[in-house]
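Structural description and commentary
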Amino acid sequence: MKTIFVLIAILLIWWVIRTLRSGRSNPSKPQIKNMLSCSYCGLHIPEDEVVQHHNKAYCSKEHAQKDNP
Ligand SMILES: [Zn+2]
């Protein structure tokens, strides 16, 4: 009877370690955004904040206008 409890304890510890490991590695990993550089000033901006103009990336509308007069 004692061996069953030992087995359950080992399984429980193994399960806890496994869930802790998987929980740590998956959601906490920060997403690295694709960075683009401004065609006018060379500033690096995340892809979703880029101002697109004539297939070029700019940090702001002002730089897009300055580069394309
Ligand atoms: Zn710029």
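Worth saying up front: this structure is predicted, and the values here are computed from it rather than measured.

**Observations concerning the overall build of the chain**
Secondary structure summary: the chain contains two helices and four strands in total. In the chain, the succession of α and β elements from N to C terminus is α-β-β-β-β-α. Taking all 69 residues of the chain together, 6% fall into the buried category. Considering only intrachain contacts with a sequence separation of at least 6, the fraction spanning at least 24 residues in the chain is 10%.

**Focus: unusual backbone geometry**
Look at His54: it is not a glycine, yet its phi comes out positive at around 50 degrees. If you trace the backbone, His54 turns up in the loop between strand 3 (51-53) and strand 4 (56-58). On the basis of neighbour count, His54 is assigned to the exposed category, with 9 C-beta atoms found within 10 Å. The backbone of Asn55 sits at a positive phi, close to 60 degrees, despite the residue not being glycine. Checked against the element boundaries, Asn55 lands in the loop between strand 3 and strand 4.

**Some remarks on the environment of Asn34**
With respect to the helices and strands, Asn34 occurs in the loop between helix 1 (2-25) and strand 1 (35-37). Classification of Asn34 by C-beta neighbours within 10 Å gives exposed; the count is 8. For the pair Asn34 and Glu47, spaced 13 residues apart in sequence, the C-alpha to C-alpha distance is 5.5 Å.

**Quick word on the environment of His53**
Take His53: it is sitting in strand 3. C-alpha separation for the pair His53 and Ala64, spaced 11 residues apart in sequence, amounts to 6.3 Å. In this structure, His53 is in contact with Tyr58, Ala64 and Asn68, ignoring residues within four places of it in sequence.

Reading the values: the criteria
Residues numbered from 1 in each chain as written. Predicted model: local features only at pLDDT ≥ 70, side-chain atom pairs only at ≥ 80, totals over all residues. Helix = DSSP H or I, 4+ residues; strand = E, 2+ residues; numbered from the N terminus. Buried ≥ 20, exposed ≤ 12 C-beta atoms within 10 Å, placed from the backbone. Contact = placed C-beta atoms within 7 Å.

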